[in-house]
Amino acid sequence: MSLRQLLLRLPRYLGVSGSPRRLSPSLDTISSVGSWRGQSSRSPAHWNQVVSEAEKIVGYPTSFMSLRCLLSDELSNIAMQVRKLVGTQHPLLTTARGLVYDSRHNLQLRGLVVLLISKAAGPSSMNTSCQKYDMVSGIYSCQRSLAEITELIHTALLVHRGIVNLNELQSSDGPLKDMQFGNKIAILSGDFLLANACNGLALLQNTKVVELLASALMDLVQGVYHENSTSAKENHITEDIGISAWKKQTFLSHGALLAKSCQAAMELAKHDADVQDMAFQYGKHMAMSHKINSDLQPFIKEKTSDSMAFNLNSAPVVLHQEFLGRELWIQQIGEAQEKGRLDYAKLRETIKAGKGVTSAIDLCRYHGNKALEALQSFPPSEARSALENIVFAVTRFS
């Protein structure tokens, strides 16, 4: 039985079914949670084909979680506790559905990129000390473990970011005790995944790799903390930041994990500093391009709900504000408000009429081109072509 088949059994065990439900976001709490799961402008069929072909190159489908972790007694106990949330509106249920029904192959993207870049680089010609590891389909077993660890860290972050702010609950969100219980399970299950990731890192027995992934986790926490601290400010609507500051913050919360995981994969194969830096650059710019693509979706998708909220600190909005000026931007925010609530449909049309959307598309392509430049340091191969195709898919706007 394949790992995918095993994953598909999980929702029956959890008792989750039907369409996902989330807490209704308020003006003060719009965030970029799960931005890597947003649809891109390419067609789903095209994206699925790109990912499926890439998975064949690395030997077998990647996974968001290790089989050992998935079938452990600890996770079985967590699943039993999560099942108690069925019928509530806690976001942890939506996260569980998203992890299982990953029809767009976005959740496992980080692990897949790590495996592809490992195969693209191949073994080091200058150092043969890592040949003690088994190699399958041109990838060392330690590099596969690293890809697994990367996905565990990302999954733990998704679970932790689903914790509900109890101070912002409304009567329509359900009983307080359900949200409190869901928060406890989200904290414990996220910590469990992180503990497994840390254990896996220790088994790699490479201090530099441990340092890289630890610093990536620190960057993630710092980035998420910044997002939460700004959105928690009273009457907070949008930050007064330029695109340069936005890029620095976005790298911490969305780019650091993939960039440093790619670099760590090169370290495990004993590649030199130049190759490691090129792998880092690919991961960084690929992640940034994907994040901007996700931010663009509310403005370029043909079928977008008029009332669908979007992040007021997303790339198109930040660029729109930068072109417009802070004073005029606040004025537009005020004009789009009705009875204290923001009319996202009206504000969306205002932003689309400016330069922010087209500039964000240009920025997405810029990072995509930088990712492609980094790949030129690797020899031509199927794996390199697959990495290029992923970039092409993310930067394709039609």
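Residues numbered from 1 in each chain as written. Predicted model: local features only at pLDDT ≥ 70, side-chain atom pairs only at ≥ 80, totals over all residues. Heavy atoms only, no water.

- Where an unreviewed UniProt entry is consulted, the protein chain appears under the name Decaprenyl diphosphate synthase subunit 2, with the organism given as Ailuropoda melanoleuca.
- Recorded in UniProt for the protein chain, the comment headed Sequence similarities (unreviewed entry) runs: "Belongs to the FPP/GGPP synthase family." (UniProt positions renumbered as here; feature names shortened; annotations may be inferred.)

1. Concerning the overall build of the protein chain
Move 1: Across its full length, the protein chain holds 16 helices and four strands.
Move 2: Burial statistics for the protein chain: of 398 residues in total, 53% are counted as buried.
Move 3: In the protein chain, the share of contacts with a sequence separation of at least 24, taken over all contacts with a separation of at least 6, comes to 82%. (Helix = DSSP H or I, 4+ residues; strand = E, 2+ residues; numbered from the N terminus. Buried < 20%, exposed > 50% of the residue type's maximum accessible area, 1.4 Å probe, protein only. Contact = heavy atoms within 4.5 Å.)

2. What to know about the packing of aromatic side chains
Move 1: Tallied over the entire structure, the rule returns three aromatic pairs.
Move 2: A centroid spacing of 5.1 Å and a plane angle of 80° characterise the contact between F310 and Y344, whose relative ring orientation is edge-to-face. Residue F310 is found in the loop between α11 (273-300) and α12 (315-324), and its partner Y344 is found in helix α14 (residues 344-352); the two are separated by 34 residues along the sequence.
Move 3: On the basis of relative accessibility, which here comes to 3%, the residue F310 falls in the buried class.
Move 4: Residue Y344 is classed as buried on the basis of its relative accessible area of 8%.
Move 5: Three or more aromatic residues joined by ring pairs form one cluster here, namely F299, F310 and Y344. (Phe/Tyr/Trp six-rings, centres within 6.5 Å; stacked < 30°, edge-to-face > 60°.)

3. Things to note about the pattern of salt bridges
Move 1: The final tally for this structure, using the stated rule, is six salt bridges.
Move 2: When the shortest N-O distance is used, the salt bridge between D219 and K260 registers 2.8 Å. Residue D219 is located in helix α9 (residues 207-231), and its partner K260 is located in helix α10 (residues 243-268); the two are separated by 41 residues in the primary sequence.
Move 3: Relative accessible area serves as the criterion here: at 8%, D219 is assigned to the buried category.
Move 4: Across the salt bridge formed by K291 and D295, the nearest N and O atoms sit 2.7 Å from each other. Highlighted residues: K291 and D295, both in helix α11, separated by four residues, approximately one helical turn.
Move 5: K291 sits in the buried class, given a relative accessible area of 3%. (Salt bridge = Lys/Arg side-chain N within 4 Å of Asp/Glu carboxyl O.)

4. Re the nonpolar core
What tends to happen in soluble globular proteins is that the nonpolar side chains get buried as a cluster.
Move 1: In terms of nonpolar packing, the biggest core is built from 64 residues, with L116, L213, Y282 and I390 touching the most fellow members.
Move 2: Aside from chain neighbours lying at most four places away, what touches L213 is L146, I153, L201, L257, K260, S261 and A264. (Core = buried A, V, L, I, M, F, W, Y, C linked by side-chain atoms within 4.5 Å.)

5. Regarding unusual backbone geometry
Move 1: A positive phi angle, near 55°, is found at S137, a position not held by glycine.
Move 2: Taking the relative accessible area as the measure of exposure, S137 reaches 34% and is therefore partly exposed.
Move 3: Positive phi, normally seen in glycine, also occurs at Q205, with a value near 55°.
Move 4: Position of Q205 among the secondary structure elements: in the loop between α8 (176-204) and α9.

6. Points about the confidence of the model for the protein chain
Move 1: Of the residues in the protein chain, 70% reach a pLDDT of 70 or more, and the chain-wide mean stands at 78.
Move 2: In the predicted structure, residues 1-41 sits below a pLDDT of 50 and forms 108 contacts with residues beyond four places in sequence or in another chain. (pLDDT = per-residue confidence, 0-100.)

7. Describing helix α6 (residues 109-121)
Move 1: If you check α6, its first and last C-alpha atoms are 18 Å apart, about what 13 residues at 1.5 Å a residue would give, namely 18 Å.
Move 2: When α6 is considered as a whole, its buried residues turn out to be L109, R110, G111, L112, V113, V114, L115, L116, I117, S118, A120 and A121.
Move 3: Phi for G122, located one or two positions after α6, is positive at around 70°. (Expected span 1.5 Å × (residues − 1).)

8. Observations regarding the environment of Q180
Move 1: Position of Q180 among the secondary structure elements: in helix α8.
Move 2: With relative accessibility at 35%, the residue Q180 sits in the partly exposed group.
Move 3: The spacing of Q180 and I163 is 17 residues in sequence and 9.2 Å in space, taken between C-alpha atoms.

9. Structural notes on the environment of N183
Move 1: For N183, the location among the structural elements is in helix α8.
Move 2: What makes N183 buried here is its relative accessible area of 8%.
Move 3: Through-space distance from the C-alpha of N183 to that of V159 is 9.7 Å; in sequence the pair is 24 residues apart.
Move 4: Those residues in contact with N183 that lie beyond four places of it in its chain are H90, I163, V164 and L166.

10. Concerning helix α13 (residues 326-335)
Each α-helix winds once per 3.6 residues, and so residues spaced three or four apart point in a common direction.
Move 1: Considered for burial, the residues of α13 that qualify are W329, Q332 and I333. End-on view of α13: buried residues confined to an arc of 105°, all on one side of the axis.
Move 2: Buried residues in α13 make contact with α12, β3 (337-338), β4 (341-342) and α14. (Arc of directions from axis to C-beta.)

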